[in-house]
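# Structure at a glance
The primary structure of each chain is shown beneath.
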Amino acid sequence: MASSPPALLVRVEAARIDAGAELENLARGRTDVGALVSFLGLCRDEGGALAALEIEHYPGMAEAEIGRVAAQALERWPLQGLLVVHRFGVIVPGEPIVLVATLARHRGEAFAATEFLMDYLKTSAPFWKKQRLAAGGDAGWVEAKAQDEAAAARWDG
């Protein structure tokens, strides 16, 4: 496949992410790319304090908003493909939460676009995250951290 139009795939689902299969499917048959950059975000246990992360979203709205920002990435960088898979539901430590992958002729564009998308997902994507504590109960809703906001701000303008 010498020069296909960019593939844009966005999914929000409860199923566990199989990163290997997703990346293989994204790159299959693509001879026009030199870079596939991916980021797989995992649920961490916060030093043993976290039993699970519960992620909520509005079906349809989350996909549309992520798709809108993914389209911006396609406009901003010369990508040949882009994939975002984000989970919802109860996710336990060690399980994947999000996979972002980009295909490009060169690594620089792929790295930049992947980082741009992750900065957006960490700060502005329409998801609500609640921490379930190992000791029982919950720690409330998770807010974006100042360093995440600062990282996302560099893409403005």
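A short tour of the structure in this document, coming up.

Attention now goes to the pattern of salt bridges. The tally for this structure, following the rule as stated, stands at 12 salt bridges. Arg-87 is paired through a salt bridge with Glu-95; the nearest N and O atoms lie 3.2 Å apart. For Arg-87, a relative accessible area of 5% translates into the label buried. On the accessibility criterion, Glu-95 (16% relative accessible area) is buried. We note a salt bridge from Arg-154 to Asp-119, for which the minimum N-O separation is 2.8 Å. You can see Arg-154 sitting in the segment after α4 (146-153) and its partner Asp-119 sitting in helix α3 (residues 107-123), a full 35 residues away along the chain. Linked through salt bridges whose partners overlap, the residues forming this network are Arg-11, Glu-13 and Glu-22.

Conventions and cut-offs
- Residues numbered from 1 in each chain as written.
- Predicted model: local features only at pLDDT ≥ 70, side-chain atom pairs only at ≥ 80, totals over all residues.
- Heavy atoms only, no water.
- Salt bridge = Lys/Arg side-chain N within 4 Å of Asp/Glu carboxyl O.
- Buried < 20%, exposed > 50% of the residue type's maximum accessible area, 1.4 Å probe, protein only.
- Helix = DSSP H or I, 4+ residues; strand = E, 2+ residues; numbered from the N terminus.

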